[in-house]
Amino acid sequence: MTTPLVVLISGTGSTLQALLAAAREPRAPFHVAAVIADRDAAGLGFARAEGIPTEIVRLRDHPDRETWDRALAAAVAAHDPELVVLAGFMKLLGAPLLETYGGRILNTHPALLPSFPGAHGVRDALAHGVKITGATVIDVDAGVDTGRILAQAAVAVAEDDTEETLHARIKQVEQPLLVEVVRRRCLG
Ligand code: GAR
């Protein structure tokens, strides 16, 4: 049996797609046991297409943040993952997930941390005028993109880059980077 992952997403799911493709390869050391989103994320379709269980845990369906945190942690725990991967999940994790899965939660961020943390890493780097940015895979802690850095890859910023063109090039290096970190973690 390969290592079960639960993947959390909020968006288009191209990062999830990269994980799913890697999981389909012969001798892949992991499989995606479930995909959970905080909204009706387009990326859920990639999981459904493979018959992988999906669930949406919306903040607005819960009376407060703490209740949502507990519901999210319960949704993850229902699939008993060895590793939780944030693949474009745009909310901070609360104590219930961190307490249960601390040290076993990975996040990928589209900037060279500790620069440009938060929800707009690509936009912020571009606005700052950096010439080099990239992607960072971290262990998740309670802060905003403050966890231990596990891997990074650099991307040169072009004169005519927009947030979209730059983010697309970052994703090209970010996705293999994340897959490699997950693979190494699963192989111990
Ligand atoms: C990825 O670039 C990921 O690094 C970023 O969202 C994108 C998800 O793309 N995450 C963050 O910015 C977290 N702070 P996708 O929906 O196409 O997989």
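Check the entry above for the structure.
What comes next concerns the included structure. (Residues numbered from 1 in each chain as written. Predicted model: local features only at pLDDT ≥ 70, side-chain atom pairs only at ≥ 80, totals over all residues. Heavy atoms only, no water.)

Turning to the packing of helix 1 (residues 14-24) against helix 6 (residues 163-187), a few remarks are in order. Relative to each other, helix 1 and helix 6 sit at 45°, their axes nearing to 10 Å. Accordingly, the angle class assigned to the pair helix 1 and helix 6 is oblique. The interaxial crossing formed by helix 1 with helix 6 has right-handed handedness. Facing Ser14, Thr15, Ala18, Leu19 and Ala22 of helix 1, the residues of helix 6 in contact are Lys171, Gln175, Leu178, Val179, Val182 and Arg183. A class-by-class count of the residues in the contact of helix 1 with helix 6 yields six nonpolar, three polar and two charged. (Axes fitted to C-alpha atoms, helices over the stretch in contact; angles between N-to-C directions. Helix = DSSP H or I, 4+ residues; strand = E, 2+ residues; numbered from the N terminus. Parallel < 35°, antiparallel > 145°, perpendicular 65-115°, else oblique. Left-handed = near helix turned anticlockwise from the far one by under 90°. Contact = heavy atoms within 4.5 Å. Nonpolar A, V, L, I, M, F, W, Y, C, P; charged D, E, K, R; others polar.)

What follows covers the packing of aromatic side chains. Under the criterion given, the structure shown has one aromatic pair. Ring centres 6.5 Å apart and planes at 5° place the aromatic pair Trp68 and Phe89 in the stacked group. One end of the pair, Trp68, is in helix 3 (residues 65-77); the other, Phe89, is in the loop between strand 4 (83-86) and helix 4 (95-101), with 21 residues separating them in the sequence. Taking the relative accessible area as the measure of exposure, Trp68 reaches 0% and is therefore buried. When its relative accessible area of 6% is taken as the criterion, Phe89 is described as buried. (Phe/Tyr/Trp six-rings, centres within 6.5 Å; stacked < 30°, edge-to-face > 60°. Buried < 20%, exposed > 50% of the residue type's maximum accessible area, 1.4 Å probe, protein only.)

Spatial strand order, 3-2-1-4-5-6-7: seven strands in an open sheet with mixed pairing. With partners counted over all chains shown, the strands left at the sheet margins are strand 3 (54-56) and strand 7 (149-156), one partner each. Geometrically, the sheet is characterised by an average inter-axis angle of 20° between neighbouring strands, direction not taken into account. With seven bridges joining them, strand 1 (residues 3-9) and strand 2 (residues 30-37) adopt parallel strand pairing. From the neighbouring strand, Leu8 faces strand 2, where its bridge partner is Ile36. (Pairing = 2+ DSSP bridges.)

Geometry only, nothing functional implied.
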